[in-house]
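Structural overview for review
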Amino acid sequence: MSKDSFLPYGAPNHSSVKPVDLKNLKPYGDAMNDGRMQVNFTLPVEPSPEAQEAAAELMRKMGFVDVKIVDMQKASEGFSFFVGYGAINHSVDFTKITVLKVETVFKGFDEINELIRTKIKRKIRIIGATTGFDAHTVGLDAMFNMKGYKGDYGLERYPMIEAKNMGAQVPNIELLEAAIKMNADAIMVSQVVTEKDCHINNLKDLMVLADKHGWRDRFIFISGGPRLSHPLSVECGLDAGFGTGTLPSHVASYVVDELIRRLERKK
Amino acid sequence: MKLRLNKTQIAQCRSIAKVVSRDVGKMISQHSTVAIERSALRVMGICGAHKKADGQFYPHANAIVDQLEKDNVLARGASFWLANAMLQLEKSAEDVAALVAEDKLRLSEIPLQKKAAVEKTARALAKAGVTKIVEQKKNRKNLLKHLDDPHDPSFKKPPMKYVIVASGNIFEDVVQARAAAQAGADVIAVIRSTAQSLLDYVPHGSTTEGFGGTYATQENFRIMRRALDEESEKLGRYIRLTNYSSGLCMPEIASLAAIERLDFLLCDSLYGILFRDINMKRTLIDQHFSRMMCALSEIFINTGEDNYLTTADAVENGHQVLASQFLNERFALDAHMKESFMGLGHAMEMNPWHPNGILLEIARAQMTRDIFPKAPLKYMPPTRHMEGDIFFGHVYDAIFNLVSVMTKQGIHLLGMPTEAIHTPLLGDRYMALKSCNYIFGGAADLGDELIFRPNGKIEKWSQKVLKESLQLLKKIERIGLYRAIEEKCFAEVSRSLTGGKGFKGVFEKHAEYFNPVQDALEVELVKR
């Protein structure tokens, strides 16, 4: 056994138990490396033996073997609904996977305030908005409102953070101007609507505007939203991105760490 | 299945709502808005638009109101100026509108005709428009004579199954709406583009784009209504159509919906203020007109209290929902609406991992049913705690379906397993409807068979929520609605009386203010 190959958690030492193979990682269905997965989709044709075969053929083209269409139903006139199972014949080399991650160690409320007090020695200022046409504020409010989210206090509650929530449908330029006026350290942009990639375009527009005015390095740019991630945000030119499950203290941890990093670089 | 709730407290809540609405009512009657003026023009037949230099269509109704506003004469009412020009120029309403849109005519510069003659001309147009709306109501009644009506005002049938379509293209929406109807949906809501609530005009023509939905336009209403009428005939069941009378064009959407025979409108007295930052006065004035339109057309309103539970904690804030429902009920009564058309809103949004959370949800849902016995309550599915696990989400929605049918909600917005991931795929909607059909069928009469344990967990929770609602309403009575909103009594959002969008479009009525459409609505509604 090497670090790339090991027995699964709790497995008895028996010759029938196959090891996890990180070089050739596959889904675990009912046994190691069986690659079994379920797939569900709808086809715009009536259910028929031909439709069933078409569904199976699609799955084979996706790289499944031992394909079983276990359910075919009429969803409505001209539409069929399928559930399929198959074993995938692809695998991935887990040892080669690299992911861009937000550079921070998550800290608690008191620790964050204390870090700001001792290392930055002044209150930090964070401004946020949902930009463009997007009218959703649930995520933004979860980050800013006193009460916070899942028992994790929002930014407005931090004595060492001055937080300003501009709400929804704020044009990019207004957000930037407000950030200048407030002399903000960080700008948080929330994006929920993803139709026609408008979330990505909004973020890119924001960064183009910031560049144009020479404000790119003045702020820490952060995005958040259910369909946003750190790599995607970095690709759009921002500094960090947060997806589903993010707590206010995660964002605060990052902002503090990044501010300290920037201060140290200046020294 | 009934809860023992304190009847005196319920009556106190209602009488406070009346006091609160009385003050607001005075303000409403002294004001109009640009949106109400445009609605009047639309009912009077001004439905055209002209193409601007950028290729976008701008409605004639807006062109007229914009000009009158600019010339500082809007306070007499747009209808007056339109009719005055028609008389002097001997032209039709649409011809006058087109001249204004092309900037070839200034309405305020036309010599004033005899007041009685102007008013007569305007009233004739208004009457024709209102007659058309009344006819559409009759058309619906006629359809319901030979088609099955999934709605039962005594709630012996399970709730109406309501789904959304949101492809962003009205023609694609038609395909999905028909598929949903075949899979069991009773109500189709065509989601609007997320930007539309803040547009101060209604876009023109059919649309194939938008963000998170496509635009609400008169033509899109017509396209979907026609498709659903065809599908209704085919299925032998009347399929209802919904849109959104909210945002800056609240009254205009209500008018267009009435003209095109929509059946439901999201139409809340406070939603725009709290969640779209639309000015308080603007929203309160607009909702009154919008609801008069709904009352005349027998459009069910759906109120938006479900949203309170997405921004504020759902376990702790049930009382905000109930307090707001009392206010929404009162404002709707003030607009001559019948209780049986009030889809008062709420939602199952408590943290699913809260101990006995399902019991608390049953308590709130049953309490709402018992307090508003005639209202076709609009029950919204979990959204806040849906995080992408479609398998858990499907189970969570199934429990929501069960709570809804056992507590006899009126309008059931189906939860989608893919909530928080994307707007529903055709297959998502099918799965959700199949689960709902199973539970609504299998537990159709469950509510009639169960009795709550006196002083049990469910009953006590409902009593607690009612008591807290009364306390909140007492506070609102003491400080008035405007300050209550300023002080975050709802959804933890603070708004000011003169802040927010659309305040500029509010104006005080002139002593000779004239709105023949509103007058005709009053006459029809009082006659009823």
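Just so it is clear, the model here is predicted, and its values are computed rather than measured.

1. Details of the overall build of chain A
In terms of regular secondary structure, chain A is built from seven helices and ten strands. For a compact globule of 267 residues, the expected C-alpha radius of gyration is about 18 Å, and chain A comes in at 24 Å, more than 25% above that figure. Dimensions of chain A, computed from C-alpha atoms along their principal axes, come out at roughly 65 × 55 × 35 Å. Scored against the burial criterion, the 267 residues of chain A give a buried share of 46%. Of the roughly 13,900 Å² that chain A leaves accessible, carbon and sulfur atoms contribute 56%. One finds the centroid of the 34 positive side-chain charges in chain A at a distance of 7 Å from the centroid of its 34 negative side-chain charges.

2. Describing the sheet that holds strand β9 (residues 342-343) of chain B
All names here are of chain B. With parallel pairing, the nine strands of this open sheet are ordered in space as β9-β8-β7-β6-β5-β4-β12-β11-β10. Pairing within the sheet leaves two strands with one partner each, and these edge strands are β9 and β10 (345-347). Relative to strand β8 (residues 300-302), strand β7 (residues 264-266) is paired through three bridges, and the arrangement is parallel. When the bridges of β8 are listed, Leu265 appears paired with Ile301.

3. Let's talk about the sheet that holds strand β8 (residues 186-190) of chain A
All names here are of chain A. If you trace the five strands from one edge of the open sheet to the other, you get β7-β6-β8-β9-β10, paired in parallel fashion. Each of the sheet's edge strands pairs with one partner strand only, and the pair in question is β7 (161-165) and β10 (240-242). Sheet twist, expressed as the mean angle between neighbouring strand axes with direction ignored, is 20°. In terms of strand pairing, strand β6 (residues 124-130) meets β8 through five bridges, oriented parallel. Its bridge partner being in β8, Ile127 is matched across the sheet by Ile187. Strands in contact with helix α4 (residues 172-182) are β6, β7, β8 and β9 (220-224); relative to β6, the strand with the most contacts, it is inclined by about 165°.

4. Regarding the pattern of salt bridges
Under the counting rule described, the total for this entry stands at 48 salt bridges over all chains. Between Lys374(B) and Glu339(B) there is a salt bridge whose closest N-O contact spans 4.0 Å. Here Lys374(B), found in the loop between α14 (357-371) and β11 (378-380), pairs with Glu339(B), found in the loop between α13 (318-334) and β9; they are 35 residues apart in sequence, far enough to count as distant. Take Lys374(B): its relative accessible area is 52%, and that puts it in the exposed class. Here Lys464(B) and Glu468(B) are joined by a salt bridge, their closest N and O atoms 2.9 Å apart. One end of the pair, Lys464(B), and the other, Glu468(B), are both in helix α18 (residues 457-479), four residues apart, so they sit about a helical turn from each other. When salt bridges with common partners are traced through the structure, they connect Arg216(A), Asp239(A), Glu258(A), Arg261(A), Arg262(A) and Arg265(A) into a single cluster.

5. Re the domain arrangement of chain A
Split into domains, chain A comes out as domain 1 (5-94) and domain 2 (109-266). On a C-alpha basis, the centroid separation for the pair domain 1 of chain A and domain 2 of chain A is 40 Å.

6. Details of the nonpolar core
If you look at the biggest cluster of nonpolar residues, it comprises 179 residues, and the most contacted ones within it are Leu82(B), Leu270(B), Leu481(B) and Phe490(B). Those residues in contact with Leu270(B) that sit more than four places away from it in its chain are Leu284(B), Tyr308(B), Ser324(B), Leu327(B), Leu481(B), Ile485(B) and Phe490(B). Counting residues in hydrophobic clusters, the runner-up holds 30 residues, among them Val102(A), Ala186(A), Phe242(A) and Ile260(A).

7. What about the interface of chain A and chain B?
Chain A puts 26 residues into the contact, and the matching count from chain B is 32 residues. Of all residues in chain A, Phe133(A), Lys147(A) and Glu195(A) bury the most surface against chain B, accounting for 20% of the area lost on that side. There are one salt bridge connecting chain A and chain B. With its nearest N and O atoms 2.8 Å apart, the salt bridge here joins Glu77(A) to Lys234(B). Taken together, chain A and chain B are joined by six residue pairs in polar contact (both at pLDDT 80 or more). When contributions to the side of chain A that touches chain B are tallied by element, the ones reaching two or more residues are β3 (36-43), β4 (64-76), β5 (79-88) and α3 (138-144) of chain A.

8. Observations concerning the packing of aromatic side chains
Within this structure, the stated rule accounts for 19 aromatic pairs over all chains. On the basis of an interplanar angle of 65° and a centroid distance of 6.1 Å, the ring pair of Phe242(A) and Tyr254(A) is categorised as edge-to-face. With a gap of twelve residues between them, Phe242(A) in strand β10 and Tyr254(A) in helix α7 (residues 248-266) connect regions that are remote in the sequence. Of the two residues, Phe242(A) and Tyr254(A), both sit in the buried class. Between Phe80(B) and Trp81(B), the aromatic rings sit 5.2 Å apart at their centres with planes inclined by 85°, giving edge-to-face as the arrangement. Three or more aromatic residues joined by ring pairs form one cluster here, namely Tyr162(B), Phe264(B), Phe300(B) and Phe341(B). The ring of Phe155(B) is capped by Arg369(B), whose NZ or CZ atom sits 4.0 Å from the centre of that ring. Taking NZ or CZ as reference, Lys464(B) lies 4.7 Å from the ring centre of Trp461(B), over its face.

Each value, and the rule that gives it
- Residues numbered from 1 in each chain as written.
- Chains lettered and ligands numbered in written order.
- Predicted model: local features only at pLDDT ≥ 70, side-chain atom pairs only at ≥ 80, totals over all residues.
- Heavy atoms only, no water.
- Helix = DSSP H or I, 4+ residues; strand = E, 2+ residues; numbered from the N terminus.
- Rg over C-alpha atoms; globule rule 2.2 N^0.38 Å.
- Buried < 20%, exposed > 50% of the residue type's maximum accessible area, 1.4 Å probe, protein only.
- Areas by Shrake-Rupley, 256 points an atom, 1.4 Å probe, with all protein chains shown as cover.
- Lys, Arg positive; Asp, Glu negative; His and termini not counted.
- Charge placed at Lys NZ, Arg CZ, Asp CG, Glu CD.
- Pairing = 2+ DSSP bridges.
- Axes fitted to C-alpha atoms, helices over the stretch in contact; angles between N-to-C directions.
- Contact = heavy atoms within 4.5 Å.
- Salt bridge = Lys/Arg side-chain N within 4 Å of Asp/Glu carboxyl O.
- Domains from an automatic or database assignment.
- Core = buried A, V, L, I, M, F, W, Y, C linked by side-chain atoms within 4.5 Å.
- Buried area = accessible area lost by both parts, 1.4 Å probe.
- Polar contact = N/O pair within 3.5 Å; in protein donor to acceptor, adjacent residues only side chain to side chain.
- Phe/Tyr/Trp six-rings, centres within 6.5 Å; stacked < 30°, edge-to-face > 60°.
- Lys NZ or Arg CZ within 6 Å of the ring centre and 35° of its normal.

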